[in-house]
Amino acid sequence: MSHFVLIDGNSVANRAFYALPLLSTSAGLHTNAVLGFTTMLLKVLEEMKPTHIMVAFDAGKVVFRHSEYAEYKGGRSKTPPELSEQFPLIRELLDAFSIKRFELEGYEADDIIGTLTKQADEQAWKTTVITGDKDMLQLVSEHVSVALTRKGVSEIELYTPQEIHEKYGLKPLQIIDLKGLMGDSSDNIPGVPGVGEKTALKLLHEYGSVEQVLENIDKVSGKKLQENLRENVDKANMSKALATILREAPVELDVQDTGFEGYDGVPVSEFFKKMEFKSLLSKIKVAQPADGSGQADAKPFSFEMISEENKVAYESKLTSPMALYIEMDGENYHHAPFLGIGLAAEDTVMFVPWDVAKEWKVLCEWLADPAKEKWVFDGKRDTVGIAWHDLAIKGISFDVYLASYLLNATESNPTLDSIAAQYAQTRVLSDEEVYGKGAKRLVPEMDVLSEHVAHKAAAIWQSVPVLREQLAENEMEKLLGELEAPLSMVLALMEKQGVKVNSERLVQMGEDLDKKLAGLTDQIYELAGGAFNINSPKQLGEILFDRLSLPVLKKTKTGPSTSADVLEKLAPYHPIIDAILTFRQLGKLRSTYIEGLTKEIHTKTSKVHTLYNQATTATGRLSSTDPNLQNIPIRMEEGRKIREAFIPSEDGWYMLAADYSQIELRILAHISQDENLIDAFQKGMDIHTRTAMDVFGVSEEEVTSLMRRQAKAVNFGIVYGISDYGLSQNLNITRKEAGDFIERYFDVFSGVKRWMDEIVQQAKADGYVTTLLNRRRYLPDIRSSNFNLRSFAERTAMNTPIQGTAADVIKLAMICMQEAIEEKGLASRMLLQVHDELVFEVPENELEVMRKLVPEVMESALSLNVPLKADVSDGRTWYDAK
DNA sequence: GTGATCACGCAC
DNA sequence: GGCGTACGTGATCACG
């Protein structure tokens, strides 16, 4: 039987481009859209076994719809050059596969496909359209299916009339009416204001078409909705016209000419070599039979449901390695109830409900056996979660969560459904699809739940080999195996251990704050001449700028700014300002740190158990949530007092804190090789004073405190990727003055300047930058023609190697530190990491050892050409460890 | 009521 | 038009 496949070339290329990191060949040729397109194509050839295939592209500038609606496509940003340059490569790809491609001056790919499917339909050909554009669903008919690419391009979702009916309750042609009512911002189709998908579907279920809806406006429920429809009759009609795909384009192509009988492996592998698609090369068969005889279709998904009764029969299936996924009800694994366990290997997929799992001795022993290799998604979550059930997991040998983060750190917090879509054949539903979200979240019935979890385990199993291959290509195996993976187990211990909080102390501080805030509130109302919500920037703005007529110094999108830096400048004008600043400061302490922290104290342990996120930041730093223990106040004394509430969990113990001194500037000295900066650190000088001496050309004694403060700001700016504007804001000086400072800095530290220029050039060539340990960050905007986007990417190119390497270093130190504690049999425990600081709780008899050991380990974590320095201190509370 | 977004402020 | 990386809170607004 014949099967005609039509591919919407522009749509698929676009999807691929935005879904994949901006890969490039060693020659600097961008290839991510080509790679995505190829992956999709191979999948289609294998799964659909087309006898006829064709790819349609947009052509020419004048799209016939323009004459009807001038703004059509106005909302679309111009195709980035990084993508445009890949279209010729995609054409080359299709030629290598001997696949026909087609374009028609003045017409979009949609219209060509619309016309061809009509022809195919008339001849009753089985036809499938591949696209990322939902509009195309209108082409679906008895003979024509539409396959939509999902998140990325590796997954496709097939729509027949049945599926459209199930999903929308509509006939395929009504998709046009749907768009007519709800519009489509990506195509700049306006639709009717206030009508989204929900409303549009409701109206269509009732009336059937845009025309019918408009004829029956009076019967429509909802006053506002009626009004919107009445006022936008023209818009609705025009939107419908815009969404309608032309099916009568002057296409001169005989479907019979698109015959496909498999591809020749030789030109294809030539092309792959040119593109440096190493992992795809192995998949190419030299002769590919078109009918797919002998090659069975992918097996339908199935899994075993384990119960009390049948579990014994599956004991032998607990093999090594095996994929493991623990399903929990909720994000916070310190509290989340367990629902069940999914397990998968080559020919087994199982789901074990938690009630069964926890009583299944053989499974629990398998989990705790370090010799049984487990492949997981977020092993820290599994490890900590199961520890709360007094069980253990050992032998985690691959974590797809961490691997996926390393491959693309910009897509923060990878989810298993997106990993599966990128690296596996099994489709995994997002948790939101299964559970619903927000208030409507609900644990589904067992049949839905078990299948979902089974899919997760299967997807982990399938992803591991692909991820391993890609890590190897990027030379990141060590970064994962020797840094991130071991670190995740150290973090697991720290999170489970938790930090003891003195809640009485917090309550007492809260009461003090309440009193002070009440007094300030009265004072502010008095000065303002009436009560208002001081916490509302809007209301505050009205008081300050309308009623009190203070000058507006800065504006936000929504009105005059009331931020602290503005208020400080307004302070001389009116006594209310100081009161507001104090109110803000104390209010922040009360809401975020007293109340916020108190909410997070675990009832069983009286401790806070934070969640360290190891896959969130673009630079490689950790982040901390629930509570965030990485932004506890320290700069202002009132806030710093919060730290008094963080205490050791054992009587008589101490808190010990150690922080790296100037780690980022030391790293800059190392990677830039700037002689002056290296000299400063080797002599052990105060770096800001030294900077002031060099920039202002004075001796050490002549450096005033203002000079040092300014030099310090310049150093910060250097680390963050400097701009004259940013520095001027920070120092409250003019842009010109800031520019002069920077120029003088670069005169003295010319090695830094050289490195900054080089790293930007390198980023432009590669499309990414790396840290010392080969962590990678892609910078898709580095060659953008938009000045802002490009400047931002350039600053990022300068900042990420510095900040990211600092993150690498402290992560190494943490692993070494935990090893040292275990090796020496110390009772001390690592509790917190705050980017350049580690906090421990230490029994009195280990104080001396730890005071020496911690800085030693931190300073020797990585050897640079300047020394690393760590300062240590201790006390009864975190506050006292200063 | 719920959810998303904004302004603001805290840390390194 | 703008210095890097995070997260949490309260206000506000759109939505149902």
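Residues numbered from 1 in each chain as written. Chains lettered and ligands numbered in written order. Predicted model: local features only at pLDDT ≥ 70, side-chain atom pairs only at ≥ 80, totals over all residues. Heavy atoms only, no water.

Asker: Describe the overall build of chain A, with residues and values.
Answerer: The helix and strand tally for chain A stands at 35 helices and 23 strands. Relative to the globule expectation of 29 Å for 882 residues, the C-alpha radius of gyration of chain A, 31 Å, shows essentially globular dimensions. When its C-alpha atoms are laid out on the principal axes, chain A stretches across 90 × 75 × 60 Å. Here chain A holds 882 residues, and the buried ones make up 54% of them. For chain A, contacts bridging at least 24 residues in sequence account for 67% of all contacts bridging at least 6. Total accessible area on chain A is roughly 39,900 Å²; 50% of this is exposed by carbon and sulfur atoms. Of the side chains in chain A, 98 bear a positive and 132 a negative charge, and the two mean positions are spaced by 3 Å. (Helix = DSSP H or I, 4+ residues; strand = E, 2+ residues; numbered from the N terminus. Rg over C-alpha atoms; globule rule 2.2 N^0.38 Å. Buried < 20%, exposed > 50% of the residue type's maximum accessible area, 1.4 Å probe, protein only. Contact = heavy atoms within 4.5 Å. Areas by Shrake-Rupley, 256 points an atom, 1.4 Å probe, with all protein chains shown as cover. Lys, Arg positive; Asp, Glu negative; His and termini not counted. Charge placed at Lys NZ, Arg CZ, Asp CG, Glu CD.)

Asker: Could you give me a rundown of the packing of aromatic side chains, with the residues and numbers involved?
Answerer: Counted under the stated rule, the structure contains 17 aromatic pairs. With centroids separated by 6.2 Å and ring planes inclined at 85°, the aromatic side chains of Phe57 and Phe87 adopt a geometry described as edge-to-face. One end of the pair, Phe57, is in strand E2 (residues 52-57); the other, Phe87, is in helix H4 (residues 87-96), with 30 residues separating them in the sequence. Classification of Phe57 by relative accessible area gives buried; the value is 1%. Between the aromatic rings of Phe301 and Phe303, the centroid separation amounts to 6.2 Å while the plane-to-plane angle is 40°, which identifies the pairing as tilted. In this structure an aromatic cluster arises from ring pairing among Phe97, Tyr263, Phe271 and Phe272. Directly above the aromatic system of Tyr435 lies the positively charged group of Arg441, at a separation of 4.4 Å from the ring centroid. In this arrangement the basic side chain of Arg876 is found over the ring face of Tyr654, its NZ or CZ atom lying 4.0 Å from the centre. (Phe/Tyr/Trp six-rings, centres within 6.5 Å; stacked < 30°, edge-to-face > 60°. Lys NZ or Arg CZ within 6 Å of the ring centre and 35° of its normal.)

Asker: An account of the protein's contact with DNA strand B is requested, with residue identities and associated values reported.
Answerer: DNA strand B sits among 23 residues. The nearest are Gly438, Ala439, Arg584, Arg621 and Ile634. Protein-adjacent atoms of DNA strand B, using a 4 Å cutoff, are sugar or phosphate at a proportion of 82%. In the model, a phosphate oxygen of DNA strand B is placed 3.1 Å from a nitrogen or oxygen of the Lys437 side chain. Within the backbone of Thr562, an N or O atom sits 2.8 Å from a phosphate oxygen of DNA strand B. In terms of residues, the surface near DNA strand B owes the most to one element, helix H25 (residues 576-599), which gives three residues. Of the residues that constitute the surface near DNA strand B, the class distribution is seven nonpolar, nine polar and seven charged. (Near = heavy atom within 4 Å. Polar contact = N/O pair within 3.5 Å; in protein donor to acceptor, adjacent residues only side chain to side chain. Nonpolar A, V, L, I, M, F, W, Y, C, P; charged D, E, K, R; others polar.)

Asker: So what's going on with the UniProt feature "domain: 3'-5' exonuclease" (unreviewed entry) in chain A? Residues and values would help.
Answerer: Cross-referencing UniProt, the feature "domain: 3'-5' exonuclease" (unreviewed entry) maps to residues 303-472 in the present numbering. Between the C-alpha atoms that bound residues 303-472 the distance is 31 Å, and the span itself is 41% helix and 18% strand. (UniProt positions renumbered as here; feature names shortened; annotations may be inferred.)

Asker: Could you give me a rundown of the protein's contact with DNA strand C, with the residues and numbers involved?
Answerer: The environment of DNA strand C is made up of 34 residues, and the closest members are Asn533, Ser536, Tyr725, Asn730 and Phe787. Restricting the count to atoms of DNA strand C within 4 Å of the protein gives a sugar and phosphate share of 59%. Within the side chain of Ser536, one N or O atom sits 2.5 Å away from a phosphate oxygen of DNA strand C. Those elements giving two or more residues to the surface near DNA strand C turn out to be helix H23 (537-547), H25, strand E16 (623-625), helix H31 (724-731) and helix H34 (787-823). Here the surface near DNA strand C gets six residues from one element, more than from any other, and that element is H34. Grouping the constituent residues of the surface near DNA strand C by class yields six nonpolar, 21 polar and seven charged.

Asker: Provide a residue-level description of the domain arrangement of chain A, including the pertinent values.
Answerer: Domain annotation of chain A identifies domain 1 (1-159 + 254-285), domain 2 (166-245), domain 3 (304-498), domain 4 (507-608), domain 5 (617-662 + 770-881) and domain 6 (663-769). For domain 2 versus domain 6, the separation of C-alpha centres amounts to 58 Å. (Domains from an automatic or database assignment.)

Asker: Talk me through the sheet that holds strand E22 (residues 837-842); I want residue IDs and the actual numbers.
Answerer: The four strands are arranged E21-E22-E18-E23 in an open sheet whose pairing can be described as antiparallel. At either margin of the open sheet sits one strand with a lone partner, and together these are strand E21 (829-833) and strand E23 (870-875). Averaged over all pairs of adjacent strands, the angle between their axes in this sheet comes to 20°, without regard to strand direction. Both strand E18 (residues 654-660) and E23 contribute to a ladder of six bridges, which runs antiparallel. Opposite Ala657, over in E23, you have Ser873 as the bridge partner. Contacts from helix H35 (residues 847-859) reach E18, E22 and E23, with the element oriented near 20° to E18. (Pairing = 2+ DSSP bridges. Axes fitted to C-alpha atoms, helices over the stretch in contact; angles between N-to-C directions.)

Asker: Can you explain the pairing of E22? Please cite residues and give values.
Answerer: Most of E22 sits out of view: six of its six residues are buried. Summarising the sheet, E18 and E22 pair through six bridges and their orientation is antiparallel. Considered in E22, the bridge of Ala657 is made with Val839. Relative to E22, E21 runs antiparallel, the two sharing four bridges. Bridging across to E22, Met830 finds its partner in Phe840.

Asker: Just give me the short version of the packing of helix H28 (residues 675-682) against helix H29 (residues 687-696), but keep the residues and values in it.
Answerer: Contact geometry of H28 with H29 gives a least axis separation of 10 Å together with a crossing angle of 135°. Relative to H29, the element H28 lies oblique. Read as a crossing pair, H28 and H29 show a hand that is right-handed. Residues Asn676, Leu677, Asp679, Ala680 and Phe681 of H28 touch H29, and the partners they reach there are Ile687, Arg690 and Asp694. Partitioned by chemical class, the residues of the contact of H28 with H29 number four nonpolar, one polar and three charged. (Parallel < 35°, antiparallel > 145°, perpendicular 65-115°, else oblique. Left-handed = near helix turned anticlockwise from the far one by under 90°.)

Asker: A description of the pattern of salt bridges should follow, citing residues and the corresponding values.
Answerer: This structure, assessed with the given rule, holds 39 salt bridges. The shortest N-O distance in the salt bridge between Asp686 and Arg708 comes to 3.0 Å. Pair noted here: Asp686 is in the loop between H28 and H29 and Arg708 is in helix H30 (residues 705-720), with a separation of 22 residues, a long-range link. Residues joined by salt bridges that share partners form a network here, namely Glu484, Arg775, Asp808 and Lys811. (Salt bridge = Lys/Arg side-chain N within 4 Å of Asp/Glu carboxyl O.)

Asker: Got a sec to walk through the environment of Arg640? Specific residues and values, please.
Answerer: Positionally, Arg640 belongs in helix H26 (residues 637-640). Classification of Arg640 as partly exposed rests on a relative accessible area of 22%. Residues within four places of Arg640 in sequence aside, it is in contact with Pro633, Ile634, Tyr879 and Lys882.

Asker: Account for the nonpolar core, with residues named and values stated.
Answerer: Core analysis: the biggest nonpolar cluster contains 186 residues, and Leu343, Leu363, Phe646 and Phe840 have the highest contact counts within it. Per-element tally for this core: the top contributor is H34, with 14 residues. With residues near it in sequence (within four places) discarded, Leu343 still touches Leu318, Met322, Ala323, Leu324, Thr348, Val349, Met350, Val352, Leu363, Trp366 and Ala457. (Core = buried A, V, L, I, M, F, W, Y, C linked by side-chain atoms within 4.5 Å.)

Asker: Can you lay out the sheet that holds strand E17 (residues 646-647) for me, pointing to particular residues and giving the numbers?
Answerer: As summarised here, the arrangement of the three strands in space is E14-E13-E17, forming an open sheet in which the pairing is antiparallel. At either margin of the open sheet sits one strand with a lone partner, and together these are strand E14 (607-608) and E17. When strand E13 (residues 499-501) meets E17, the two strands line up antiparallel, connected through two bridges. Looking at the pairing, Lys500 lines up with Ile647 of E17.

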